[in-house]
Amino acid sequence: MGCFCSYVPEEILVAGNILPVRVLGSHEPQNVTEPYLFGMYCPFCRDVLAQGLKGRYDYLDGITLSQSCLHIRQSFIAWREHVEVPFNYYIYMPNKVQTKAATPYLKTEFEKYKAHVEEVVGKELTDDDLDRGIAALNRNRELMHKVYEYRKGDTPMLTGLEAMYMTVSGMWVDKDEHSAEMEKVLEQLPDRQMIRDTGTRLLVVGSENDDTAFIDMVESVGATVVVDDHCTGTRWFWNSVETGDDRINSIADRYIKRPPCPTKDWEERWRFPHILQLCKDFNVEGAIVIQQKFCDPHECDIMPLRKTFDEANIPSLFLEFDVTVPIGQFKVRVEAFLEMFGVDDLF
Amino acid sequence: MAEKEFWRWKEYNWHDENIDWHGCDAITAGVDVGSVSSQAVILVDGKLYAFATTRTGSDSPKSAQKAMDWALEDTGMTLDDIHYKVGTGYGRVNVPFADRAITEIACHARGGNFMYGNSVRTILDMGGQDCKAIHCDERGKVTNFLMNDKCAAGTGRGMEVFANLLSVPIEDIGELSFQVEKEPEPVSSTCVVFAKTEASALLRKGWPKNKVIAAYCNAMAHRVVTLLERIGVEKDFAITGGIGKNIGVVRRIEKELGITALKADGDTQTAGALGAALFGKALLEKSRK
């Protein structure tokens, strides 16, 4: 099942023995989406749709959108219209999560989604099935947390690039298989010898980001990404489902209370204290704030977010991402940013 | 017959004949391989001794070598006499003889601090293909910066294209831009190609060249002021890079900002290489401790 947002309740899919697959882009130039998306829609939603139009997700049996922003919704709608796929479903995930009505409302929407999944798989999902789905996701999240713990020390035991491979692969691979691999990794991490300098400890925060070439570049010029706030990273896995008798309600509550996407982070900004806590816990020295070009929800957050960093004495660098990232242009900006932390030897 | 190259700015070298470098304690050099121009600066015990400024070719290592060779010309000094060499600019990692590479952002801040004095807090580097607005402290250490994105408007290369279009030597553009009865509206300030198309239309419409030049200088100034406003301008303010020599753009920036830029004591185009050479001196001293 192709998932168009990290708000799709994977627990319900796993309960139905369906493999959730996050639909991401390829970071390659393309020329197939122009008829379907406005020019000022973000490069990520454009890249996502291009993959569908080019047949790169032809193995999908269905697609699901959980409402987040208008841009990715348009990609979903265009996909539904122009790419052959047997099943599709649009979950009316509320943007107003900061209200008591949010969880009961989402519960009813997830009940409807459960019925859709039952139709897809041709059988009823029992409480046992849901428990299995919840357990698989919770175990996976817990293991990712454990791996992230190894990034907190003076010498992070894995790079930001490796962490990105871990989280993004977790969005595609069977949860139990992914968890089994992480358990093997966790056995080896304590004894791992890191033969690189940690350099400046960075947080990367912002729009969807699975750009491994970018993270690799950043970590090649004297820095380590020690933590992130992305929907392909911590925002996706940070909190677990607190199990209760009403499984669907518990799942809905988890998605309402997770670290929010900025589309849902109002009227208060719940995300900022959470990000500052990440900075504290992971001993972050600087932040790279990234935004997919034209990503309005994140764009609205940039000014107050950078102000929040300023007030916490955490220098930040802003970069605007496109389908293809100009590594050379970004490299000079990142290097100059890192020089701000360590140029005392130059004076 | 070859077409006249109106864009060609002055390539030259210089050295101070009053300095005897023999037996000096610290000889350091900075080489700035930019997208359009390359500079080499040699310092002798922290004093400016020699420099060269030349066009960057298609090969960064050769451009670095050419600038360095030219700075060394007639000095009796060889590359081996230089104790520490720093590469900067977009080709910084391709300076074959460099001991270290440092970004042009840090180097322009440090070079601007040396060139304009330690009261400088905002430096606008108007380079060949990008613009940088840099905040720095009293030592010339970068405290914040912003670069233009995805567009060469407001850069030296844009001005070169314009000089050729109008068949006006690039060094005359600044003066000529003020020889207009009334300041015209700016042409497109977001794209060099659109600006060129717009200027061609204005010429066909009968606008005198000076008026078109004024419209372009105005556009370039407006473009970089929007960049500066995003980061804020803290006094004192100075401009480095090749466009720093173009009074048509500089004065319009000053007018739009309501701030007078500090006057340079030296060639603004060499600020990056100068900063690199100054960092070279600090690194040399650290390495000897």
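Think of each chain on its own: its residues are numbered from 1, step by step along the sequence as written. For naming, the first written chain is A and the first written ligand is 1, with later ones following in the order written. Only residues with pLDDT of at least 70 get local features here, since the model is predicted, and only at 80 or more are side-chain atom pairs given and counted; chain-wide, interface and lining totals rely on the full set of residues.

Undergrad: Before we move on, can you summarise the overall build of chain B with the specific residues and values?
TA: Runs of H or I in DSSP of at least four residues are treated as helices and runs of E of at least two as strands, each being numbered from the N terminus. From N to C terminus, chain B includes eight helices and ten strands. Looking at chain B as a whole, 52% of its 289 residues are labelled buried. Contact definition: two residues whose C-beta atoms, as placed from backbone geometry, lie within 7 Å. Counting contacts in chain B only where the partners sit at least 6 residues apart, residues at least 24 apart contribute 72% of the total. Think of it as a crowd count around each C-beta: if 20 or more other C-beta atoms lie within 10 Å the residue is buried, if 12 or fewer it is exposed, and in between it is partly exposed, with C-beta placed from the backbone throughout.

Undergrad: Tell me about the sheet that holds strand β2 (residues 21-22) of chain A, residues and numbers included.
TA: Residues and elements named next belong to chain A. Should DSSP find at least two bridges between two strands, the strands are taken to pair. Spatial strand order, β2-β1-β3-β4: four strands in an open sheet with parallel pairing. Both edges of this open sheet fall to β2 and β4 (87-91), since each of them pairs with a single strand only. Both strand β1 (residues 2-3) and strand β3 (residues 62-66) contribute to a ladder of two bridges, which runs parallel. By the bridge assignment, Cys 3 is partnered in β3 with Thr 64. Each axis is a line fitted through C-alpha atoms, taken for helices only over the stretch in contact, and angles between the N-to-C directions span 0 to 180 degrees. Each of β3 and β4 is contacted by helix α3 (residues 70-82), which is oriented at about 155° to β3, the strand it contacts most. Contacts from helix α4 (residues 102-121) reach β3 and β4 within the one sheet, and its direction differs from that of β4 by about 175°.

Undergrad: I'd like a rundown of the domain arrangement of chain B, residues and numbers included.
TA: Residues and elements named next belong to chain B. Segment limits for the domains were obtained from an automatic or database-derived domain assignment. Domain boundaries assigned for chain B yield domain 1 (12-111 + 270-288) and domain 2 (119-261). In this structure, domain 1 and domain 2 have C-alpha centres spaced 27 Å apart. Considering every element that reaches the side of domain 1 that touches domain 2, the biggest residue donor is helix α2 (residues 104-116), with six residues. Class assignment of the residues belonging to the side of domain 1 that touches domain 2 gives a composition of five nonpolar, five polar and one charged. Residue type decides the class: Asp, Glu, Lys and Arg count as charged, Ala, Val, Leu, Ile, Met, Phe, Trp, Tyr, Cys and Pro as nonpolar, and the leftover types, Gly among them, as polar.

Undergrad: A description of helix α8 (residues 212-219) of chain A should follow, citing residues and the corresponding values.
TA: All names here are of chain A. Of all the residues in α8, the buried ones are Phe 214, Ile 215, Val 218 and Glu 219. The buried residues of α8 occupy one face: seen down the axis, they fall within an arc of 130°. Contacts made by the buried residues of α8 are with α6 (160-170), β5 (200-206), β6 (223-229) and α13 (327-342). Within this analysis, the arc is defined by the directions that extend from the helix axis to the C-beta atoms.

Undergrad: Quick rundown of the interface of chain B and chain A? Include the residues and the values.
TA: By a frequent convention, interface size equals the accessible area lost on bringing the separate parts together. Each partner contributes residues to the interface: chain B has 15 residues there, and chain A has eleven residues. Of all the secondary structure elements, the ones that give two or more residues to the side of chain B that touches chain A are α2, β9 (142-147) and α8 (271-288) of chain B. Looking at the side of chain B that touches chain A, the element that brings in the most residues is α8 of chain B, giving four residues. A class-by-class count of the residues in the side of chain B that touches chain A yields ten nonpolar, one polar and four charged.

Undergrad: Describe the environment of Leu 257 of chain B, naming the residues involved and giving the relevant values.
TA: Residue and element names in this part refer to chain B. Along the chain, Leu 257 turns up in helix α7 (residues 247-257). Spatially, the C-alpha atoms of Leu 257 and Val 225 are 7.1 Å apart, while their sequence positions differ by 32 residues. Not counting the four nearest positions on each side in its chain, Leu 257 is found in contact with Val 225, Leu 228 and Val 233.

Undergrad: Account for unusual backbone geometry, with residues named and values stated.
TA: Residue Glu 267 of chain A follows Trp 266 of chain A across a cis peptide bond; omega there is 5°. For Glu 267 of chain A, the location among the structural elements is in the loop between α10 (247-257) and α11 (271-281). The phi angle at Asn 283 of chain A is positive, at roughly 55°, despite the residue not being glycine. Within the secondary structure, Asn 283 of chain A is located in the loop between α11 and β7 (286-292). By C-beta crowding, Asn 283 of chain A is classed as partly exposed, having 14 other C-beta atoms within 10 Å. At Asp 45 of chain B, a residue that is not glycine, the phi angle is positive and equals roughly 50°. Among the structural elements, Asp 45 of chain B can be located in the loop between β3 (37-44) and β4 (47-55). Look at Asp 45 of chain B and you get partly exposed, because 13 C-beta atoms sit within 10 Å.

Undergrad: Report on the nonpolar core, specifying residues and quantitative values.
TA: Nonpolar side chains in soluble globular proteins generally cluster together in the buried interior. Linking buried Ala, Val, Leu, Ile, Met, Phe, Trp, Tyr and Cys residues through C-beta atoms within 7 Å yields a set, and such a set is a nonpolar core. In terms of nonpolar packing, the biggest core is built from 128 residues, with Val 31, Ala 40, Ile 42, Ala 71 and Tyr 216 of chain B touching the most fellow members. Broken down by element, the residue count for this core peaks at eleven residues, all from helix α6 (residues 209-231) of chain B. For this core, the domains that each give at least three residues are domain 1 (12-111 + 270-288) and domain 2 (119-261) of chain B. Each residue touching Ala 40 of chain B, except ones within four places of it in the same chain, is listed here: Ala 29, Val 31, Phe 51, Ala 52, Ala 67, Met 68, Ala 71 and Ala 273 of chain B. Membership of the second largest hydrophobic core comes to 46 residues, among which are Val 14, Cys 69, Tyr 89 and Leu 125 of chain A.

Undergrad: Describe α6 of chain B, and please don't skip the residues or the numbers.
TA: End to end, α6 of chain B covers 34 Å across 23 residues, agreeing with the expected 33 Å (1.5 Å per residue, within 8%). Backbone geometry just downstream of α6 of chain B places Gly 232 of chain B in the positive-phi region, at approximately 90°. In this scheme, a helix's expected span is set at 1.5 Å multiplied by one less than its residue total.

Undergrad: Explain the packing of α2 of chain B against α8 of chain B residue by residue, including any values.
TA: Residue and element names in this part refer to chain B. α8 packs onto α2 with a crossing angle of 90° between their chain directions and a minimal axis gap of 7 Å. Taken together, α2 and α8 sit at an angle that is classed as roughly perpendicular. Contact with α2, carried on its side by Glu 104, Ala 106, Cys 107, His 108, Ala 109, Arg 110, Gly 111, Gly 112, Phe 114 and Met 115, involves Ala 271, Gly 272, Leu 274, Gly 275, Ala 276, Leu 278 and Phe 279 of α8 and no other residues of that element. Across the contact of α2 with α8, the residue classes break down as ten nonpolar, five polar and two charged. Any angle between 65 and 115 degrees counts as roughly perpendicular, while under 35 counts as roughly parallel, over 145 as roughly antiparallel, and the rest as oblique.

Undergrad: An account of the sheet that holds β7 of chain A is needed here, citing residue identities and associated values.
TA: Residue and element names in this part refer to chain A. With respect to topology, four strands assemble into an open sheet ordered β6-β5-β7-β8, the strand pairing being parallel. A single partner strand is all that each edge strand has here, and the edge strands are β6 and β8 (316-321). The mean inter-strand angle of the sheet, taken between neighbouring strand axes irrespective of direction, is 25°. Across six bridges, β5 lies against β6 in parallel orientation. Bridge pairing in β6 places Thr 200 opposite Ala 223. Across the sheet, α13 lies against β5, β6, β7 and β8, angled at about 170° from β8, the strand it touches most.

Undergrad: If you had to explain the pairing of β5 of chain A to someone new, which residues and values would you point to?
TA: Residue and element names in this part refer to chain A. Within β5, seven of the seven residues are buried, which leaves it mostly tucked inside the rest of the structure. Each parallel crossover has a hand, and for β5 linked through α8 to β6 it is right-handed. One ladder, built from five bridges, connects β5 with β7; its direction is parallel. By the bridge assignment for β7, Val 205 is matched with Val 289. Here the term right-handed applies to a crossover when the path leading from its first strand over the helix to its second strand runs clockwise, the strands being oriented away from the viewer.

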